[in-house]
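Residue strings, one per chain:
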Amino acid sequence: MVPLRTFTFTLTTSRFHSSATVSFPHTPLILLDLLQLCIHLRAYKLTQQSHTQILANGFAQNTFLTTRLVSAYATCGESTMSRLVFDSIETKNVYLWNSLINGYVKNHDFRQSLALFREMGLTLLPDDYTLATISKVSGELEDMVSGRLIHGKSIRIGFVSDVVVANSVISMYCRCGEFGDAMKVFDEMPQRNVGSFNVIISGCAALGNCSSTSRDDLWNFFARMRSEGFKADAFTVASLLPVCCGETRKWDYGRELHCYLVKNGLDFKMGSDVHVGSSLIDMYSRGKKVVLGRRVFDQMKNRNVYVWTAMINGYVQNGAPEDALVLLHEMQMKDEIRPNKVSLVSVLPACGLLAGLTGGKQIHGFSIRMELNDDSSLCNALIDMYSKCGGLVYARRIFNGGSYLKDAITWSTMISAYGLHGRGEEAVDTYYKMLQQGFKPDMITWVGVLSACSKSGLVDEGISIYRSVMTKYEMKPTVEICACVADMLGRSGQLNQALEFIEEMPIDPGPSVWGSLLTASVMHGNSRTRDLAYKRLLELEPENPSNYISLSNTYASYRRWDVVSEVRTMMKERGLRKVPGCSWITISGKTHSFSVADKAHPSSSLIYEMLDDLVSTMADGCADMDILT
DNA sequence: ATAGGGTTAG
């Protein structure tokens, strides 16, 4: 007879604490179930209590219990405890070894699990479970040498015919970039399951070479899978969706996969698969069909943080920052889901786009409370947001703060921030400091520093940096970089040099380059370069209304109404309409927007009065600073 | 009774 004992356990999750008292006999079988519960709940305290009960009841050497105990501790992120339990066992069997090796895998300590695998080999022969686990480890480490050794061992011991071992080996080859070897193992498998096909599909999709032929290969493989009688599951579809680009691109199987899901009852709507749902949302967002993404989102029964973040990101990427901010609020209010690091990084550009300093500050505060401020990408996003919301001081404060590791993007962001605020010298200074610290600049860094030079009239500094792109870094500059140089020369009044540069630049000048020349020509009153720029712009972008409006306005200023009406007729013929640009400011939660020559605002006359004041103050200031000559 | 592979958002 086993006596009934009371057992109090405490469950601790991130949201609440609760405890309960239950009575049950401490048989090994019950303790085994209890440990299963620990794993399911990732409950550390309960694991500790179970451990105590195992010891108290004299089961310390019961390998059934200790194997699961090792697994439970590892699941709770306590691999040190797993190791202690493991070490206390006198006779270690394969199960126990496997449990510990996999425990380290769960905690991403791949080196340790590989070391253990070697140590195990001294006394025991690995089995199919060991090989499947350790093959995954080689893949995670992208360690081909150990990967091939493990593949060889699997062949020698005969476990390569095990489906799971073979799948793991295939995955390992994919992760190591040896797709040919992966395919070879796949073809030689005596039997396959859905997982085998999924490994190949996800491995092929992860190759990232998005050439249309490799995508067609992928689609053909998906067809082969079905023709061999295997039904695609959620894994399959979730691997295929990220390589579908939506309707605007050439490779458009996204909607087809969506149909497949509906037809085959792989129902993302019922909450069975949040992963498939978020991949669908993402696929539609990338295809500029954010409304369709939203429809998927609305149909889903369960939404986790991935789903919400995918939707938020979709809105930000498709020019709907307001919707993104609404969702950030709703995810917390409706679903009680806490945004994580990626959610915040996704939503911060929305604040930048809206120049919403208040919202940005709130998100910053939230990220501090969530202790996410040690993350580079989050800090980069914050710097960018502050800079775009006019808060250069805040941006600099984060940049100078030492709570996170600065990467090349951090530096580039800060350089652009200085440029945006007209601080050319600080931008150049920061650029050279970045190089000094050994960070590699890229095209984005150069656009940032060169546009900063251009705005601040630092022509010599800019030209020298531009030259270094080609000489020191041996890189071919992008159109954007060339546009910066053209802008730099043009703004400083060197229009002939700018034109000369454009004619000799290493790539074909695009609209941005001619646009720079145009703006500078108008600024300095050079009609020759101006008209050449207009000519090129209308050739390159006959459908862009901005070019016609600009042309019309220029000739209107010379009272050449004949040209103006001619241009307006051309626009009408081509069915072009320009949406007027506008700017806005939010004061006490109310947004006031203004377009050119706008007199609609109730305080319009007061605003214009203030504007006149500002303009004359600026003119005085410029005269003092010798800028206007 | 104990241990395993294939998938997510910037």
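- Under an unreviewed UniProt entry, chain A has the name Pentatricopeptide repeat-containing protein and belongs to Clitoria ternatea.

A closer look at the overall build of chain A
Alright, step 1. In terms of regular secondary structure, chain A is built from 33 helices and four strands.
Alright, step 2. In chain A, the proportion of contacts linking residues at least 24 apart, taken out of those at least 6 apart, comes to 58%.
Alright, step 3. In the structure as shown, chain A presents an accessible area of about 33300 Å², 55% of it carried by carbon and sulfur atoms.
Alright, step 4. Charged side chains in chain A number 63 positive and 64 negative. The centres of these two groups are separated by 4 Å.

Topic: the side chain of Asn98
Alright, step 1. For Asn98, the position within the fold is in helix α5 (residues 94-106).
Alright, step 2. Asn98 has contacts with Met120, Asp127, Tyr129 and Thr130, leaving out every residue within four places of it along the chain.

As for the pairing of strand β4 (residues 590-595)
Each regular strand displays side chains that alternate between the two surfaces of the sheet.
Alright, step 1. For strand β3 (residues 582-587) and β4, the ladder comprises six bridges, and the chain directions are antiparallel. Pairing of Thr586 across the sheet is with Thr591, part of β4.
Alright, step 2. Here β3 hands over to β4 after two residues, with Ser588 in that stretch at a positive phi of 50°.

Some details on the UniProt feature "repeat: PPR" (unreviewed entry) in chain A
Alright, step 1. Taken from the UniProt record, the annotation "repeat: PPR" (unreviewed entry) applies to residues 93-123, 162-196, 304-334, 407-441 and 442-477.
Alright, step 2. From the first C-alpha to the last, residues 93-123 spans 10 Å; its make-up is 81% helix and 0% strand.
Alright, step 3. Secondary structure content for residues 304-334 is 84% helix and 0% strand, while the C-alpha to C-alpha distance between its ends is 12 Å.

Some thoughts on the protein's contact with DNA strand B
Alright, step 1. DNA strand B sits among 45 residues. The nearest are Tyr95, Asn167, Asn198, His275 and Ser377.
Alright, step 2. Each atom of DNA strand B within 4 Å of the protein was assigned to sugar, phosphate or base; sugar and phosphate come to 35%.
Alright, step 3. In the model, a base nitrogen of DNA strand B is placed 3.5 Å from a nitrogen or oxygen of the Tyr95 side chain.
Alright, step 4. Of all the elements, helix α11 (residues 194-206) adds the most residues to the surface near DNA strand B, at six residues.

Scoring rules and cut-offs
Residues numbered from 1 in each chain as written. Chains lettered and ligands numbered in written order. Predicted model: local features only at pLDDT ≥ 70, side-chain atom pairs only at ≥ 80, totals over all residues. Heavy atoms only, no water. Helix = DSSP H or I, 4+ residues; strand = E, 2+ residues; numbered from the N terminus. Contact = heavy atoms within 4.5 Å. Areas by Shrake-Rupley, 256 points an atom, 1.4 Å probe, with all protein chains shown as cover. Lys, Arg positive; Asp, Glu negative; His and termini not counted. Charge placed at Lys NZ, Arg CZ, Asp CG, Glu CD. Pairing = 2+ DSSP bridges. UniProt positions renumbered as here; feature names shortened; annotations may be inferred. Near = heavy atom within 4 Å. Polar contact = N/O pair within 3.5 Å; in protein donor to acceptor, adjacent residues only side chain to side chain.

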